[in-house]
Amino acid sequence: MEQYDQLYRLYKSVDTTTLRGYQEFVDLFPPLSSTVALEQWETASDRLDDLKADITEEFPGTGETYAEIAARLTRDEAFTALDLYSKYGRSANVLVLDVDETLRSAGDTDNEIPRDTLYLLTQFHEAGVPIVVCTGQTLENVKGFMIQGLGNDLVSSGQMSIVYESGNGVFTPKHGADTKRLLYERLDGAVVDVFESVRRRVLSEAPEAVGKRCHLQGNEFNVTLKPNAEVGSDNAVEIIDESLRYLCGLVGDAIAGQVDADVSDPAAYARAYFSRDPEIHDVLEAGDLSTDADIDDAPAAFRDILERVDLGYYEGDAAELVSLELDKSAGVEEAFDVLGIDDPFALVMGDSKSDLRVMRWIDESDAGIAAAPAHSSPDVLDHVSSRDDLVYEAGDASTVLRTVYGISLIEQLDEQGE
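Residues numbered from 1 in each chain as written. Predicted model: local features only at pLDDT ≥ 70, side-chain atom pairs only at ≥ 80, totals over all residues. Heavy atoms only, no water.

Asks: Run through the layout of surface pockets, naming residues and quoting values.
Replies: If you add up the space inside the largest pocket, you get close to 980 Å³. Mapped onto the lining of the largest pocket, the elements with two or more residues apiece are strand E7 (223-227), strand E8 (309-314), strand E9 (318-323) and helix H16 (353-364). Tallying contributions element by element places H16 first for the lining of the largest pocket, with 3 residues. Here the lining of the largest pocket is built from residues that sort into 6 nonpolar, 15 polar and 13 charged. Counting contributing residues, the lining of the largest pocket receives three or more from each of domain 2 (94-185 + 326-417) and domain 3 (188-323). Within this model, the second largest pocket holds a volume of roughly 560 Å³. Around the second largest pocket, the lining is made up of 28 residues, and of these Asp-277, Asp-310, Leu-311, Lys-353 and Arg-357 lie nearest the centre. Those elements that place two or more of their residues in the lining of the second largest pocket are helix H12 (266-274), helix H13 (278-286), E8, E9, H16 and helix H17 (378-387). Residue composition of the lining of the second largest pocket, grouped by class: 12 nonpolar, 5 polar and 11 charged. (1 Å grid on protein atoms, 1.4 Å probe; cavity = no way out; pocket = protein on both sides within 12 Å on 5 of 7 lines; lining within 4 Å. Points joined across faces, edges and corners; volume = space filled by probe spheres on them. Helix = DSSP H or I, 4+ residues; strand = E, 2+ residues; numbered from the N terminus. Nonpolar A, V, L, I, M, F, W, Y, C, P; charged D, E, K, R; others polar. Domains from an automatic or database assignment.)

Shown next, in the form of structure tokens:
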């Protein structure tokens, strides 16, 4: 109750809106070569120091921490941070972050990670909190935009790990032989052969509605079809729906080619199996494809491989073949091992079903909290809302990051009060 009362007094007695404005200006708009700009920055910096000094004087012993809280968090963010600390008793010691439609949004941030989000990530890094970027994209693509946004020094610091292609590989610079772990090399040969067969045939045998309207993403292992159209557009939605229907049948054929058994209609069995996902079911039925085959009638060897792979469907964005044995949670666990995090309490941010697997794994282990943008898949929103309700608007990941950064400041207050 004492921290609650102190926070209440802080936000009632201090003009925190003005204070946060100065802090944001000083943090995000460093002085350029212009003399006028330098003078403006120095004036803002001096005023910021004066306002923080007033808070430090008003809260003896804990004033510097309260000044940081007031300068960086809104009132709602501060009280949410306090509630989370009261519930869990610890602050986050690792960030696990999806990128597309989580840190950045094609519609709201022009597909760029906002400046305030990037700055907050550097703040966590400077505080010694490792960052695990967890994405379905290729390694080279992720490395490129993370270096562009955060700088090569941070990305190559040894405290950042990239889980790429939804868990097929983990890249953690400055960790010797463990710098790059290729998880897909551990899979059974029959599963690998299915992926190789699908990759070899996916474009060469594609119908015109697919082959000339999409392209194959340059993955190391996953087979991912992307639209030759603006992501999310009506045209892209149509292309990806057609691609999913085609890919579903192709996977069935490829599996049948790997098993020594007579499979009468492998595409029908594959459709029946993958249509257990409601979104995939709707796409298949919209294409007048039957999903009624009894999967139990398929040979056991066929079912064994089928149950080890999955189709990912991202409306208007991608259709892909992935391994169920290599998902984002497996990649994150591997990243934790490389980073030496043996007692994680993670902030997991994501929007898709692949991110949900990480959230559930963390939740089952009592090893962190989850957050998601409001446009996430329904299952993700249900999970996040039923836990701590850390749901934010598209392009506003900084709200959650500030709140979670605030937990560490609340923890400092608790330690200072001992």
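Asks: Let's hear about the domain arrangement of the protein: which residues, and what values?
Replies: Assigned domains within the protein: domain 1 (1-72), domain 2 (94-185 + 326-417) and domain 3 (188-323). On the side of domain 3, 13 residues touch domain 2, which itself brings 16 residues to the contact. Together domain 2 and domain 3 conceal approximately 1100 Å² of surface at their shared face, both sides included; 37% is due to carbon and sulfur atoms. Counting the surface domain 2 buries against domain 3, the share from its top three residues, Glu-165, Tyr-184 and Lys-353, is 42%. Run the count over domain 2 and domain 3 and you get 4 salt bridges. Those elements that provide at least two residues to the side of domain 2 that touches domain 3 are strand E5 (180-182) and H16. It is H16 that provides the largest number of residues to the side of domain 2 that touches domain 3, a total of 3 residues. When the residues that make up the side of domain 2 that touches domain 3 are grouped by side-chain class, the tally is 4 nonpolar, 7 polar and 5 charged. (Contact = heavy atoms within 4.5 Å. Buried area = accessible area lost by both parts, 1.4 Å probe. Salt bridge = Lys/Arg side-chain N within 4 Å of Asp/Glu carboxyl O.)

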